[in-house]
Amino acid sequence: MKTIHELARTNIQTLTPYQSARKIGGQGTLWLNANEYALSPTSNDFGVNFDGLDFLSQANRYPEPQPANLIQNYATYANLARTQVLVTRGGDEGIELVMRAFCEPNEGILYCPPTYGMYKVSADTLGIRAHTVPLSDSFHLDLPAIKSTLDNNPDIKVVFVCNPNNPTGTLTAKDDIKHLLALTQGRSVVVVDEAYIEFSPTSSMANELDGFEHLIIIRTLSKAFGLAGLRTGFVLANPAVIDTLAKVIAPYPIPAPSAVIAAHALNATNIAIMKARAATLVQARDTLAKALSELPIIQTVYDSWANFVLVKFTDGQAVFDKLWQDGIILRNQHTALGLANCVRITIGSDDENSQVMSALANFNDQPKITDPKK
Ligand SMILES: *Cc1c(COP(=O)(O)O)cnc(C)c1O
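Residues numbered from 1 in each chain as written. Predicted model: local features only at pLDDT ≥ 70, side-chain atom pairs only at ≥ 80, totals over all residues. Heavy atoms only, no water.

### A word on the overall build of the protein
Argument step 1. Counting its regular elements, the protein contains 13 helices and 13 strands.
Argument step 2. Taken over C-alpha atoms, the radius of gyration comes to 21 Å for the protein, in line with the 21 Å a tight globule of 374 residues would show.
Argument step 3. A principal-axis box enclosing the C-alpha atoms of the protein has dimensions of 60 × 55 × 55 Å.
Argument step 4. The buried share of the protein, reckoned over its 374 residues, is 51%.
Argument step 5. Look at the contacts in the protein between residues 6 or more apart in sequence, and 72% of them connect residues 24 or more apart.
Argument step 6. When the accessible surface of the protein is split by element, carbon and sulfur atoms take 52% of a total near 17,700 Å².
Argument step 7. A distance of 4 Å separates the average location of the 30 positive side-chain charges in the protein from that of its 36 negative side-chain charges. (Helix = DSSP H or I, 4+ residues; strand = E, 2+ residues; numbered from the N terminus. Rg over C-alpha atoms; globule rule 2.2 N^0.38 Å. Buried < 20%, exposed > 50% of the residue type's maximum accessible area, 1.4 Å probe, protein only. Contact = heavy atoms within 4.5 Å. Areas by Shrake-Rupley, 256 points an atom, 1.4 Å probe, with all protein chains shown as cover. Lys, Arg positive; Asp, Glu negative; His and termini not counted. Charge placed at Lys NZ, Arg CZ, Asp CG, Glu CD.)

### A word on helix 8 (residues 174-184)
Argument step 1. Among the residues of helix 8, I177, L180, L181, L183 and T184 are the ones counted as buried. Within helix 8, the buried residues cover an arc of 160 degrees as seen down the axis, which keeps them to one side. Opposite the buried face of helix 8, at more than 90 degrees from it, the exposed residues are D175 and A182.
Argument step 2. Buried-residue contacts for helix 8 involve helix 7 (143-152), strand 5 (156-162), strand 6 (189-193) and strand 7 (215-220).
Argument step 3. G186 lies just past helix 8 and shows a positive phi near 75 degrees. (Arc of directions from axis to C-beta.)

### Structural notes on the site of the ligand
Argument step 1. Within the structure, the ligand sits among 13 residues, and G91, D193, T220, S222 and K223 are positioned closest to it.
Argument step 2. A distance of 3.1 Å separates an oxygen atom of the ligand from a polar atom in the backbone of D92.
Argument step 3. In the environment of the ligand, an oxygen atom lies 2.7 Å from a nitrogen or oxygen atom belonging to the side chain of S222.
Argument step 4. Against a free-state accessible area of 390 Å², the protein chains account for coverage of 94% of the ligand.
Argument step 5. Here the shell around the ligand takes three residues from helix 5 (residues 90-102), the largest share from any one element. (Near = heavy atom within 4 Å. Polar contact = N/O pair within 3.5 Å; in protein donor to acceptor, adjacent residues only side chain to side chain.)

### Describing the state of the cysteines
Argument step 1. Under the definition given, this model contains zero disulfides.
Argument step 2. As a non-bridged cysteine, C103 has C112 as the owner of its nearest cysteine sulfur, 15 Å distant.
Argument step 3. Of the residues examined, C103 reaches a relative accessible area of 12% and is grouped as buried.
Argument step 4. Unpaired in this structure, C112 has its nearest cysteine sulfur neighbour in C162, at a distance of 11 Å.
Argument step 5. C112 gets classed as buried once you look at its relative accessible area, which sits at 5%. (Disulfide = S-S within 2.5 Å.)

### Here we look at unusual backbone geometry
Argument step 1. The amide bond that connects N163 to the next residue, P164, takes the cis arrangement and shows omega of -10 degrees.
Argument step 2. With respect to the element layout, P164 can be found in the loop between strand 5 and helix 8.
Argument step 3. Residues other than glycine seldom take positive phi values, yet N35 does so here, at roughly 55 degrees.
Argument step 4. A relative accessible area of 0% means that N35 is categorised as buried.
Argument step 5. Of note in this structure, N79 is not a glycine but carries a positive phi near 60 degrees.

### Section: the nonpolar core
Argument step 1. Counting 89 residues, the largest nonpolar core has Y74, F234, L236, L266, L292, I345 and L360 as the members making the most contacts within it.
Argument step 2. Excluding residues that lie within four positions of it along the chain, L360 makes contacts with L292, L295, I297, F313, V319, L323 and I345.
Argument step 3. Among the nonpolar cores identified, the runner-up in size contains 28 residues, and M99, I109, M118 and Y119 belong to it. (Core = buried A, V, L, I, M, F, W, Y, C linked by side-chain atoms within 4.5 Å.)

### Things to note about the packing of aromatic side chains
Argument step 1. If you walk through the whole model with that rule in mind, you get 11 aromatic pairs.
Argument step 2. On the numbers, 5.6 Å between centres and 40 degrees between planes, the contact of F320 with W324 is tilted. Separated by four residues within a single helix, F320 and W324 lie in helix 12 (residues 316-325), roughly one turn from each other.
Argument step 3. Among the aromatic residues, those joined into a cluster by ring pairs are Y18, Y111, Y116, Y119 and F160. (Phe/Tyr/Trp six-rings, centres within 6.5 Å; stacked < 30°, edge-to-face > 60°.)

### Observations concerning the pairing of strand 6
Argument step 1. Summarising burial for strand 6: five of the five residues are buried, a large majority.
Argument step 2. Of the two faces of strand 6, the one holding V189, V191 and D193 and the one holding V190 and V192 are both buried throughout.
Argument step 3. The pairing of strand 5 with strand 6 spans five bridges and is parallel. By the bridge assignment, V159 is partnered in strand 6 with V190. (Pairing = 2+ DSSP bridges.)

### Remarks on the pairing of strand 3 (residues 108-111)
Looking down a regular strand, the side chains alternate between one sheet face and the other.
Argument step 1. Relative to strand 4 (residues 129-132), strand 3 runs parallel, the two being bridged by four bridges. When the sheet's bridge partners are listed, L110 is paired in strand 4 with H131.
Argument step 2. Handedness of the crossover is the feature at issue here: the chain leaves strand 3, passes through helix 6 (residues 118-126), returns alongside strand 4, and the resulting connection is right-handed.
Argument step 3. In this structure, strand 3 lies alongside strand 5, joined through three bridges in parallel fashion. Within strand 5, the residue paired with L110 across the bridge is V159. (Right-handed = clockwise from strand over helix to strand, strands pointing away.)

### Re the sheet that holds strand 7
Argument step 1. With mixed pairing, seven strands are arranged side by side in an open sheet as 2-8-7-6-5-3-4. At either margin of the open sheet sits one strand with a lone partner, and together these are strand 2 (85-88) and strand 4. On average, each strand axis in the sheet is inclined to that of its neighbour by 25 degrees, with strand direction left out of account.
Argument step 2. Together, strand 3, strand 4 and strand 5 form the strand contacts of helix 7, whose direction differs from that of strand 5 by roughly 160 degrees.
Argument step 3. Contacting strand 2, strand 7 and strand 8 (233-237), helix 9 (residues 239-248) runs over the sheet at an angle of about 135 degrees to strand 8. (Axes fitted to C-alpha atoms, helices over the stretch in contact; angles between N-to-C directions.)

The values reported here are purely geometric and, on their own, carry no functional implication.
The following block contains the structure:
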């Protein structure tokens, strides 16, 4: 007799699941831990008139597998052909689809920590290998180490680069990505995760797709578009890749209401609004970063090209715990590779940013008795 636990695949028995911001919990009044946009389109002038959208008249029917209108709008936004776009249930589904489509059970991926946690979780879930090459001290790609890891491990089929990188906020130079594309040509595909690209739009690799058949780009409406609740993301790649991923995606991945709202969010008016908001957020980020850098409890405020800042405190855990108790929920990065005492702070509304600022400015940094359990 085997228990349910024992009946599960061995790699699932030992899997450490992704700790999403929502799962970690907390009794928050201020949620700055998931890089969401601070306002919902329902409560501001984003322009979506939800009352006017009709999902229910056809709710008995399965939705379009790849809603044509939505694909067209995203292709227009990204300046690509429709055949270069796949819509997915959030960027996370795109990340896993690439592994499912390209990795045999005895093959694997390469990623560069500290970075987004889902690359490892998806690889572990699928039971494929996860190779790592740490980022340099300044959080840039270590291309010589990546080259030798690729040379020594022909099982690597997918290389992930998060740009801008979560949680460091760092930007990878296009030349470095092109170097990586040269190293991997004919051996593996390169996934550039552009979840935060709207905060640094000129850094996108989307207009390089014509030159690289093994380049794959992940996008999402969860960050700059302020639509994390819709669960809508995109994969951008050449048709050969898109067709391969389309073989393994679920038959009807996109709920009809999500498709209707997402297509609406991607019309010209709403894209212009999103771009203006992203530009405003970038200014608010730089203002907050500058103010933070003057606080005595802070050692480093890392430069960010995204909608969050990574901050190194003298005692990150103490700051994180104190703000948590006060209902200000940030993302602790203490256990991430090389990020001891670091906390990631999502840029919120002006009011939220000043609340974080004053909580940190008032943080009592007096020497205290250290709790040996922490
Ligand atoms: C948020 C995020 C995603 C995708 O999020 P979805 O909500 O699934 O679209 C992908 N990559 C990174 C680095 C992210 O931070």
